Amino acid sequence: LWAKLSKKEANDIETIQRSIVHHVTTTLARAAYNMDNFSAYQAVALSTRDRLISRWNETQGQLSKIDPKRVYYLSLEFLLGRSMDNALLNMGLKGTYDKSIEKLGFNMEDIIESEVDAALGNGGLGRLAACYMDSLATLDYPAWGYGLRYNYGIFQQRIVDGYQTEYPDYWLNFDNPWELARLDISIQIGFGGHVQTTQDEYGVTRHNWVPGQSVQAIAYDVPIPGYDTENCNNIRLWRSKPTRVFDLTSFNEGNYEKSVEDATNAEKITSVLYPNDNTMAGKELRLKQQYFWTAASLHDIVRRFKKSMREWSDFPDQVAIQLNDTHPTLAIVELQRLLVDEEMLSWDDAWEIVTKTFAFTNHTVLPEAMEKWSVPMFEYLLPRHLQIIFDINLFFLQKVEKKVPNDRGLLNRMSIIEEAQPQQIRMAHLAVVGSHKVNGVAALHSNLIKTTIFKDFVEYYGEEKFINMTNGVTPRRWLHQSNPQLSALITQTLGNDKWLKDLSLLKGLAAKTGDAAFRKKWMTIKRNNKVRLAELIKERCQVEVSPDALFDVQVKRIHEYKRQFMNILSVIHRYRTIKSMTAAQKASVQPRVVIFGGKAAPGYYIAKLVIKLINSVAAVVNQDPAVGDLLKVVFIPDYNVSVAEVIVPASDISQHISTAGTEASGTSNMKFVLNGGLIIGTLDGANVEILEEVGEDNIFIFGCMAHEVEDIRHAQRYRGVPMDPALQGVISAIEKGTFEDPKIFQPLISTLTVGKDFYLISSDFASYIAANQQVDAAYKKQEEWSKKSILCTAHMGKFSSDRSVKEYADEIWNIKPYSVEDEG
Ligand code: 26Q
């Protein structure tokens, strides 16, 4: 019936009202007069879902017929956030739904707040995957994401006595309307067991893996609608379930307890997202997740390919697989196994198909984040895959030896196996060897990996294999949806909303900096957004902040390399400076609200201490009458995507201050500048390219450069360098007990002692303070500031994820957009 309804009929106010009431009375089994905000949300979500599903069906049906080359984005994280507002905006139905809801006596903004975030990711890498899915759908690329359907997303953070405490994020408590359970799509995944070796009739050795256990993978599909297109892509998330066969064996053996235990172990696989960001957790369950997910996804991809009755050699012309970091690297090994052991291809034919299919994105150079798996543990879980890895390594090292004879050191460095006790599998090396393209995520980072972790590989394979794909963010969620007033002003100013699909058009705003009336509108919107954030701060932190102060924001995962510690130390310095001032001096101080947010990995002791320090400083500063509104400090608990949507539009200045060479790209930097917020930052990651675009008058850069870092560390270690005097004063204040018992913070302060300050807080401190003073001075000239703010937005065209995705499509995947016929 849906298909037969014309689009106009399906989407008029009355039809939508009827569909909402229908869902309240039937799906939710409630009386229509007995509707609260939450059931209103549920009903509106279900009604939206109906429209999503009809697009999904139409798109996927037409795609099956055309059968073009597709890209599969394999990511253990998809940090989607809320879906309803985004789906309505992308489908062009927001206005109609607003009115329908209003007529039913509800308010859209309230209803939206009832939705829980889908927080199936840690931070940048997971949110990048979500932005790329939005762009792929919007640009009509045939693309599917593959991931895991965790029962628990990233933990919820609460602050108790200034400390982070973690609570489970059971996001599926109420039915999730944004997924379609495909209970018919179920794949058996094996683990453990042994390898049978036989000779076939031609005397060729055949390997047959006989797993010792198996679990079922069940598919859940999450529709991803493009903006201003009928196209609707898919993210397929796998859920683990016990297999029936195994329940039965245990039952037949009369061991009820064991059968229940097996079932629990099977379900455990997709129970929880690992909460590490930029650090590796070498846990067996994590490896199980990785194999479960890559095996299910590849099985699904291969099944779809086989339907088309093509030759195996056509596989890379039909399938491109992008590996989001090393997490899905086992897919390389699994495809080689399927082709050699099950499809009986020769090793070399199979390997050519594999390497033409895969491409690998690297997101980090931090040694602690590099994935390595212990060989004994790996062998126990995946004995056949270990053999294949050793064979891949053997053939690879033979070729290296042929090209560069007699260099044992080189072979050792390049080997997929690290000769440690026990041996370790270096997943990054395996990913490089098994892919045809390797990319970094910002220009600086891509160059850095070519001269550090992958140097030998660049010399062996040549430069062409190693490319840069600068990250991007979707302007639909990160401007249109999160900053509706600014979006409307831009559309009004440029005459149409084409900029939402071609972000380079924002450059048209640059001509408006001379228009005082326009500047006023621009700054009024910023202020409105700050009022909204001030309300959120009041609610979550019980602190009143003035929207007329400069809003200074650092929100991101808490990590030493991101240097939140340096930020709070500079806040202490600011506090001490204000305290030492006369009333007359204070009159010229620029009032500032310093806003922090972000989660620390639960096992990351130092990061958790940084949170404690921020809260201790906040407690003292915020109640000090000598300071008043000149300085406020808040830590917003449980930072997530939906909170980011409130914070990003409200920022005047945001902090992107990692030690140069450590932040691969950063993506929130792009979101802030897109929303007319200036940034203060180091020459790291994408900051470098943001500087290129906005120009040095519109960004505050400080600190040492990436190529200087090694020398500074060396000098600290061997010559010893005195600590920056301002920093010394700050440390003494902490040690004197200005902020709670100083014993608490001793481990944190120790990270700074000369010779140890690995992230160079001391050597960057003076220039950081100076840059912050420049921010204050610039902000006081409000007219000038408003021009900077407008120019920031105007110059952000490059950082749309549409641009990134198009580069991947053209330079790596070799796929083309297709168009869904509108049959409405
Ligand atoms: C690995 C093994 C075991 C458990 C967890 C992990 C793990 C999980 C997540 C390792 C790393 C991550 C996440 C990394 C990440 O988010 N990196 C960020 O990626 C962004 C998108 O490219 C960049 O902008 C950031 O600079 C980078 O830090």
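Everything here concerns the structure above.
Residues numbered from 1 in each chain as written. Predicted model: local features only at pLDDT ≥ 70, side-chain atom pairs only at ≥ 80, totals over all residues. Heavy atoms only, no water.

Enquirer: How do you make sense of the side chain of Gln 290 when you look at a structure like this?
Expert: Inspection of the secondary structure puts Gln 290 in helix H10 (residues 284-307). In this structure Gln 290 comes out as buried when scored by relative accessible area, which is 0%. Once you skip the residues sitting within four places of it in the chain, Gln 290 turns out to touch Leu 76, His 327, Leu 330, Glu 371 and Trp 373. (Helix = DSSP H or I, 4+ residues; strand = E, 2+ residues; numbered from the N terminus. Buried < 20%, exposed > 50% of the residue type's maximum accessible area, 1.4 Å probe, protein only. Contact = heavy atoms within 4.5 Å.)

Enquirer: Would you mind showing me how to read the site of the ligand here?
Expert: The full set close to the ligand counts 22 residues, and Asn 278, His 363, Asn 471, Glu 663 and Gly 666 are the nearest of them. With respect to the ligand, the backbone of Leu 125 contributes an N or O atom lying 3.0 Å from an oxygen atom. Measuring from an oxygen atom of the ligand, one finds a backbone N or O atom of Ala 664 at 3.3 Å. Protein chains bury 97% of the 610 Å² of accessible surface belonging to the ligand in isolation. Of all the elements, helix H7 (residues 124-138) adds the most residues to the shell around the ligand, at three residues. (Near = heavy atom within 4 Å. Polar contact = N/O pair within 3.5 Å; in protein donor to acceptor, adjacent residues only side chain to side chain. Areas by Shrake-Rupley, 256 points an atom, 1.4 Å probe, with all protein chains shown as cover.)

Enquirer: Explanation requested: the sheet that holds strand E15 (residues 417-418) in the structure shown.
Expert: The strands making up a sheet associate through backbone hydrogen bonding, with each pair oriented either parallel or antiparallel. Spatially, three strands are ordered E14-E16-E15 in an open sheet, and the strand pairing comes out antiparallel. Sheet topology places strand E14 (372-374) and E15 at the edges, where each strand pairs with a single neighbour. (Pairing = 2+ DSSP bridges.)

Enquirer: Help me out: how do you make sense of the sheet that holds strand E22 (residues 653-656) in this one?
Expert: Strand order across the open sheet formed by six strands is E21-E20-E19-E22-E23-E24, with parallel pairing between neighbours. At either end of the open sheet lies a strand with only one pairing partner, and these are strand E21 (631-636) and strand E24 (700-701). Sheet topology note: the strand E19 (residues 550-555)/strand E20 (residues 592-597) ladder contains six bridges and is parallel. Bridge pairing in E20 links Val 553 to Ile 595. On top of the sheet, helix H33 (residues 782-794) reaches E22, strand E23 (678-681) and E24; it is set at about 85 degrees to E23, its chief contact. (Axes fitted to C-alpha atoms, helices over the stretch in contact; angles between N-to-C directions.)

Nothing here speaks to function; it is all geometry.
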